[in-house]
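What follows is each chain in one-letter form.
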Amino acid sequence: MEDSKMSSPSEDQVDFTQTATTPNIKKLISKRNGYVLGKGTILKLDQYAPIHGRSGNEDPSPQKKRKLVLSGAPNFRRIPGARIYAVGQPTVFGIYTALNRIKQEAPDKFDVTWINLREEPIIYINKRPFVLREADHPLRNFSYAGLTARTIDDMERRLKEDILSEAASNGNNVLVHIEQDDEITACWEGVNHSVVQTSGEIYESLLRNENYQIKYVRLPSTPERAPAPTLMDQILQALQDATSHTSVIFNCQIGVGRVLSNLISFRFHKNYLFLFGLNFLELKL
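Now for a quick tour of the structure. Everything quoted here is computed from the prediction, not taken from an experiment.

### What to know about the overall build of the protein
Point 1. What the protein contains, in helices and strands, is 7 helices and 11 strands.
Point 2. Long-range pairs, those at least 24 residues apart, make up 69% of the contacts in the protein with a sequence separation of at least 6.
Point 3. A total of about 15,100 Å² of accessible surface is found on the protein, and carbon and sulfur atoms cover 47% of it.

### Observations regarding the sheet that holds strand S10 (residues 214-218)
Point 1. In spatial order, the strands read S2-S3-S11-S4-S10; together these 5 strands make up an open sheet with mixed pairing. Sheet topology places strand S2 (77-78) and S10 at the edges, where each strand pairs with a single neighbour.
Point 2. Bridge count for strand S4 (residues 111-116) against S10 is 5 bridges, and the pairing is parallel. Bridging from a neighbouring strand, Thr113 pairs with Lys215 of S10.
Point 3. Helix-sheet contacts for helix H4 (residues 199-208) involve S4, S10 and strand S11 (246-251), and the interaxial angle to S10 is about 170°.

### Remarks on unusual backbone geometry
Point 1. Phi angles above zero are rare outside glycine, and Asn126 is one such case at about 50°.
Point 2. Its place among the elements puts Asn126 in the loop between strand S5 (123-125) and strand S6 (128-134).
Point 3. The class of Asn126 is partly exposed, set by a relative accessible area of 26%.
Point 4. The phi angle at Lys127 is positive, at roughly 70°, despite the residue not being glycine.
Point 5. Along the chain, the position of Lys127 falls in the loop between S5 and S6.
Point 6. Of the residues examined, Lys127 reaches a relative accessible area of 33% and is grouped as partly exposed.

### Remarks on the packing of aromatic side chains
Point 1. Applying the stated criterion to the full structure yields 7 aromatic pairs.
Point 2. On the numbers, 4.3 Å between centres and 5° between planes, the contact of Tyr203 with Tyr216 is stacked. In this pair, Tyr203 sits in helix H4 while Tyr216 sits in strand S10, placing the two residues 13 residues apart along the sequence.
Point 3. The exposure class of Tyr216 is partly exposed, given its relative accessible area of 22%.
Point 4. The lysine or arginine in question, Lys103, covers the ring of Phe110, its NZ or CZ lying 5.7 Å from the ring centre.
Point 5. Note that Arg158 overlies the ring of Tyr35, its terminal NZ or CZ placed 3.9 Å from the centroid.

### Describing helix H3 (residues 149-168)
Point 1. Taking 1.5 Å per residue, 20 residues should reach 28 Å; H3 reaches 29 Å between its end C-alpha atoms and fits that length.
Point 2. When we look at burial in H3, the residues that qualify are Ile152, Met155, Glu156, Leu159, Lys160, Asp162, Ile163, Glu166 and Ala167. Viewed along the axis of H3, the buried residues span an arc of 165°, placing them on a single side of the element. Of the residues in H3, the exposed ones pointing more than 90 degrees away from the buried face are Arg150, Glu161 and Ala168.

### Thoughts on the environment of Val176
Point 1. Summarising the element assignment, Val176 is placed in strand S7 (residues 173-180).
Point 2. Judged by relative accessible area, which is 0%, Val176 ranks as buried.
Point 3. For the pair Val176 and Trp188, spaced 12 residues apart in the sequence, the C-alpha separation amounts to 6.1 Å.
Point 4. Non-local contacts of Val176, meaning those with residues more than four positions away in its chain, are made with Leu43, Ile125, Phe130, Thr185, Ala186, Cys187 and Glu189.

About the cut-offs
- Residues numbered from 1 in each chain as written.
- Predicted model: local features only at pLDDT ≥ 70, side-chain atom pairs only at ≥ 80, totals over all residues.
- Heavy atoms only, no water.
- Helix = DSSP H or I, 4+ residues; strand = E, 2+ residues; numbered from the N terminus.
- Contact = heavy atoms within 4.5 Å.
- Areas by Shrake-Rupley, 256 points an atom, 1.4 Å probe, with all protein chains shown as cover.
- Pairing = 2+ DSSP bridges.
- Axes fitted to C-alpha atoms, helices over the stretch in contact; angles between N-to-C directions.
- Buried < 20%, exposed > 50% of the residue type's maximum accessible area, 1.4 Å probe, protein only.
- Phe/Tyr/Trp six-rings, centres within 6.5 Å; stacked < 30°, edge-to-face > 60°.
- Lys NZ or Arg CZ within 6 Å of the ring centre and 35° of its normal.
- Expected span 1.5 Å × (residues − 1).
- Arc of directions from axis to C-beta.

Here you go:
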């Protein structure tokens, strides 16, 4: 991490030499004035313990727990009889692990289309995903219904700028929040330009630097609602260059709701898919 000269905090800065007390935290949050990271908003880690092992019908008994657990890739699973996978919002290392698992199943013909269904900006800080939340309602999602992929991508780029700007004014640290046992804990995160990344930058890096054959597509889908009528057409458009060797992985926040809705849509569009020669997407649900 790059070194920078530390300066004495001004009236608008938080004194990082002091304990991260509640008054200091509230002061910083109330003075945020970024384009996306604005007044009264926080950066909340987008993973928490209960997200792993979630299903539509939860059963706490050990016998019902998922057999396959990938670190950093919550609720990763493959649809039986198809090269289709689902996962909750992963860390960067979770992305590696999921892709390695897919490659392990088809080592000689590795080709992946990753479809991101999240309808909100996701920013990666030190390889972990963070989302924007209201400080007064940290467990409540913002409503971004109707935003296009281009708009959300632009919000991510502006959020990255906001984070780096705030960190530059506060000793290269940025305030983030983590959910633990239904408690929201504030902590400081050291950052520089190389460790704050948009979703697009993460997958571009995988293709350019890590040599993974991966195509990344963002198709926003509103949580807890049936897929929009146009979404299936957008998915088919994203898969127009797919072959019988292509694996498709969908991700939403938890890897259950939106993913399941779209997989069900695939089943009802099976005949339509055959018209495109995409028989590898046949589901046995």
